[in-house]
Amino acid sequence: MNMKVNRYNYPSQFGNDLQPLLRAIGEDLLKGHYILTEAVDSFETAFADYIGAKYCVGTNSGTDALILALLAMGIGPGDEVITQANTFYATVAAICFVGATPVLVDAEPHAYLMDIEQVEPAITARTKAIIAVHLFGKCMPMKKLLALAEKHQLRVIEDAAQSHGARIDGRAAGHFGDIGCFSFHPSKNLAAAGDAGAIVTDDLHLAEQIKVLRALGQSGQNRHVALGMNSKLDAIQARVLSAKLGHLEHWNEQRRAVAAHCISRLDGLPLSYQAPAEHEDHVYHLFQVRTEQRDALLAHLQSNGIDAVVRYPTPIHLQEAFAAYGWKAGDFPVAEALATQTLCLPLRPDMDADEVDRVCGCVRAFFEGHS
Ligand SMILES: *Cc1c(COP(=O)(O)O)cnc(C)c1O
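Figured I'd write up the structure that's included with this text.

Definitions and limits used
Sequence order sets the numbering: in each chain, residues are counted from 1 along the sequence as written. Reporting of local features is limited, given that this is a predicted model, to residues whose pLDDT is at least 70; pairs of side-chain atoms are given and counted only at 80 or more, and all residues count toward the totals for whole chains, interfaces and linings. Based on all heavy atoms of the structure, the side-chain values leave hydrogens and waters out of the count. Put simply, DSSP H or I for four residues or longer makes a helix, DSSP E for two residues or longer makes a strand, and each gets a number counted from the N terminus. Exposure classes here rest on a 1.4 Å probe applied to the protein chains alone. A residue is buried below 20% of its type maximum, exposed above 50%, and partly exposed in between. Should any heavy atoms of two residues lie within 4.5 Å, those residues are counted as being in contact. Definition of nearness: a residue and a molecule or strand are near each other if at least one heavy atom of the residue lies within 4 Å of the molecule or strand. Polar contacts, as used here, are pairs of N or O atoms within 3.5 Å; protein pairs need one atom able to donate a hydrogen and one able to accept it. Residues neighboring in sequence count only if both atoms are side-chain atoms. Each accessible area is a Shrake-Rupley result for a 1.4 Å probe, and residues are judged covered by the shown protein chains and nothing else. Throughout, the protein atoms alone are placed on a 1 Å grid, and a set of points is a cavity if a 1.4 Å probe fits but cannot get out or a pocket if it is open with protein on both sides within 12 Å along at least five of seven lines; lining residues have an atom within 4 Å of a point. Here the criterion for a molecule occupying a pocket or cavity is that more than half of its atoms lie within 2 Å of the pocket grid points. All residues other than Ala, Val, Leu, Ile, Met, Phe, Trp, Tyr, Cys, Pro, Asp, Glu, Lys and Arg, Gly among them, are scored as polar; the first ten of these are nonpolar and the last four charged. In this description, strands pair whenever DSSP reports at least two bridges between them. Between N-to-C directions, angles span 0 to 180 degrees; the directions come from axes that are lines fitted to C-alpha atoms, helices contributing only their stretch in contact. Grid points are joined across faces, edges and corners, and a volume is the space filled by probe spheres set on the points. Where each domain starts and ends follows an automatic or database-derived domain assignment. One side-chain nitrogen of Lys or Arg within 4 Å of one carboxyl oxygen of Asp or Glu is enough to make a salt bridge.

Let's shift gears to the environment of isoleucine 67. Of note, isoleucine 67 is situated in helix 4 (residues 62–72). The exposure class assigned to isoleucine 67 is buried, which follows from its relative accessible area of 10%. Distance in space between the C-alpha atoms of isoleucine 67 and valine 98 is 6.7 Å, their sequence separation being 31 residues. Once you skip the residues sitting within four places of it in the chain, isoleucine 67 turns out to touch Ala94, Phe97, Val98 and Met229.

What follows deals with the site of the ligand. As a structural note, the neighbourhood of the ligand is formed by 13 residues, with Gly62, Thr63, Asp159, Ser183 and Lys188 the closest of them. Contacts to the ligand include threonine 63, whose side-chain N or O atom sits 2.5 Å from an oxygen atom. Within the side chain of aspartate 159, one N or O atom sits 2.7 Å away from a nitrogen atom of the ligand. Out of a free accessible area of 380 Å², the ligand has 93% covered by protein chains. Assessed atom by atom at 2 Å from the grid points, the ligand resides in the largest pocket. Of all the elements in the fold, those that place two or more residues in the shell around the ligand are helix 4 and helix 5 (89–97). Of the residues assigned to the shell around the ligand, the class counts are five nonpolar, six polar and two charged.

What follows is about the sheet that holds strand 9 (residues 197–201). In sheet architecture, strand pairing relies on hydrogen bonds along the backbone and comes in two forms, parallel and antiparallel. Strand order in the open sheet formed by seven strands is 1-9-8-5-4-2-3, and the pairing between neighbours is mixed. A single partner strand is all that each edge strand has here, and the edge strands are strand 1 (55–59) and strand 3 (101–105). Within the sheet, the average angular offset between the axes of one strand and its neighbour, ignoring direction, is 25°. Both strand 8 (residues 179–183) and strand 9 contribute to a ladder of four bridges, which runs antiparallel. The partner of phenylalanine 182 across the bridge, within strand 9, is alanine 198. In the packing of helix 3 (residues 38–51) onto the sheet, the strands contacted are strand 1, strand 8 and strand 9, and the crossing angle to strand 1 comes to about 125°. Those strands touched by helix 5 are strand 2 (80–84), strand 3, strand 4 (127–133) and strand 5 (155–159), and its axis lies near 150° from that of strand 3.

Turning to unusual backbone geometry, a few remarks are in order. The linkage connecting arginine 311 with the following residue, tyrosine 312, adopts the cis geometry, with an omega of 0°. For tyrosine 312, the position within the fold is in the loop between helix 10 (294–303) and helix 11 (333–341). The phi angle at tyrosine 112 is positive, at roughly 65°, despite the residue not being glycine. Mapped onto the elements, tyrosine 112 comes out in the loop between strand 3 and helix 6 (119–122). When its relative accessible area of 2% is taken as the criterion, tyrosine 112 is described as buried. Of note, the phi angle at leucine 216 is positive, near 60°, even though the residue is not glycine. Its location among the elements puts leucine 216 in the loop between helix 8 (204–214) and strand 10 (218–220).

Roughly 390 Å³ of volume is contained in the largest pocket. Every residue lining the largest pocket is counted, 27 residues in all, and those nearest its centre are Phe88, Ser183, His185, Ser187 and Lys188. Contributions of two or more residues to the lining of the largest pocket are made by helix 4, helix 5 and strand 8. Tallied by class, the residues present in the lining of the largest pocket amount to 12 nonpolar, 10 polar and five charged. Both domain 1 (10–245) and domain 2 (248–369) contribute no fewer than three residues apiece to the lining of the largest pocket.

Moving on, we get to the pattern of salt bridges. Under the criterion given, the structure shown has 15 salt bridges. Between glutamate 44 and arginine 214 there is a salt bridge, and its shortest N-O distance comes to 2.8 Å. Taken as a pair, glutamate 44 in helix 3 and arginine 214 in helix 8 lie far apart in primary sequence, 170 residues in all. Ionic pairing is found between arginine 155 and aspartate 178, a salt bridge with its closest N-O pair at 3.3 Å. Of this pair, arginine 155 sits in strand 5 while aspartate 178 sits in the loop between strand 7 (171–172) and strand 8; the two residues are 23 residues apart in sequence, bridging distant segments of the chain. We classify aspartate 178 as partly exposed; its relative accessible area is 24%. It is possible to trace a salt-bridge network through shared partners that takes in Arg348, Asp350 and Glu355.

In space, the three strands of this open sheet follow the order 7-6-12, with antiparallel pairing throughout. Of all the strands in the sheet, the pair left with one neighbour each is strand 7 and strand 12 (280–281). As paired elements, strand 6 (residues 167–168) and strand 12 share two bridges and run antiparallel to each other. Within strand 12, the residue paired with arginine 167 across the bridge is aspartate 281.

This is the structure:
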């Protein structure tokens with residue numbers, strides 16, 4: 001008898017908050033409170049506070065948050081932006097959408113994050129910014145990267161779409177560089193009921209610029225001062241996000257506890273994980289395990305009802321969408337190895353000990369049956 005272990009449990013994210021949330025949304029619907037309402041302002045203020053940043057501007061998605069960050073910095077054709085080969089499509093697509101050129105560096109093999117050592121050699125006279133990705137819920141060691149950016153006068157954008165509340169040395173992901181970009185896609189640790197995103201920054205000028213750029217370039221009604229997008233945080237999504245934000249810190253703690261429990265239950269098996277750093281709070285957006293038998297382990301887990309998945313089987317430089325940049329297999333060997341050797345075990349804040357046992361028992365049976 002195999003019970004399923006799922007990756008998401010949305011009812012558990014609402015609990016007793018559902019009825020008041022539905023009532024508030026109902027009132028908005030009847031009053032016509034739809035666009036850039038008080039609910040949007042209030043979520044922006046609360047999220048900025050949570051991150052510890054001065055300003056938050058809500059957007060339609062995390063992808064748009066990245067595009068708006070680049071636009072607000074005036075980055076475009078002729079400019080280069082450095083990021084990593086092992087990230088989600090949107091990090092790199094955003095660079096391409098503003099007309100700039102993405103320059104990739106490889107991943108670091110232990111943390112599965114950007115290899116900072118490769119950044120400086122990638123800097124040219126055209127480099128304008130670095131996008132660091134806090135991947136899978138683990139915060140990049142930003143100190144070194146910020147020093148490098150300062151030395152070369154580069155902007156730093158953080159893609160914190162997977163790392164709401166992740167910290168290193170007590171500082172939150174998204175609050176190290178010039179702008180932090182977040183996604184509230186339903187899969188993320190803080191999940192809207194549809195697409196939503198935000199930027200955070202301490203820079204008033206950038207925040208104001210992004211407010212203009214997300215709203216059709218308007219500085220006031222009928223006055224379009226810049227070529228803006230239409231990418232505002234939806235008012236209903238702001239309500240959903242506000243209802244959940246107060247639980248996020250606890251959920252992140254639960255994620256850490258579940259991950260620690262799994263790691264101890266999997267002790268002795270030929271698996272590795274993102275290497276821990278000192279003074280960090282990982283938020284385990286995805287619980288990555290690495291093994292050379294990845295595909296066989298994945299099939300074994302899935303056939304036993306364990307909702308394991310692979311993120312991301314094809315690194316950026318081998319994606320068809322980016323063929324024009326001329327990257328080829330072998331260019332970023334660590335990203336390629338991670339793409340073939342990592343999988344995500346299901347991990348939810350509300351996972352109980354039985355579910356952890358089922359997942360870990362299934363992994364153990366795979367290795368013990370094959371050894
Ligand atoms: C989810 C994600 C994005 C994009 O966010 P959307 O809200 O889906 O547009 C960008 N970067 C990373 C690393 C992500 O995980």
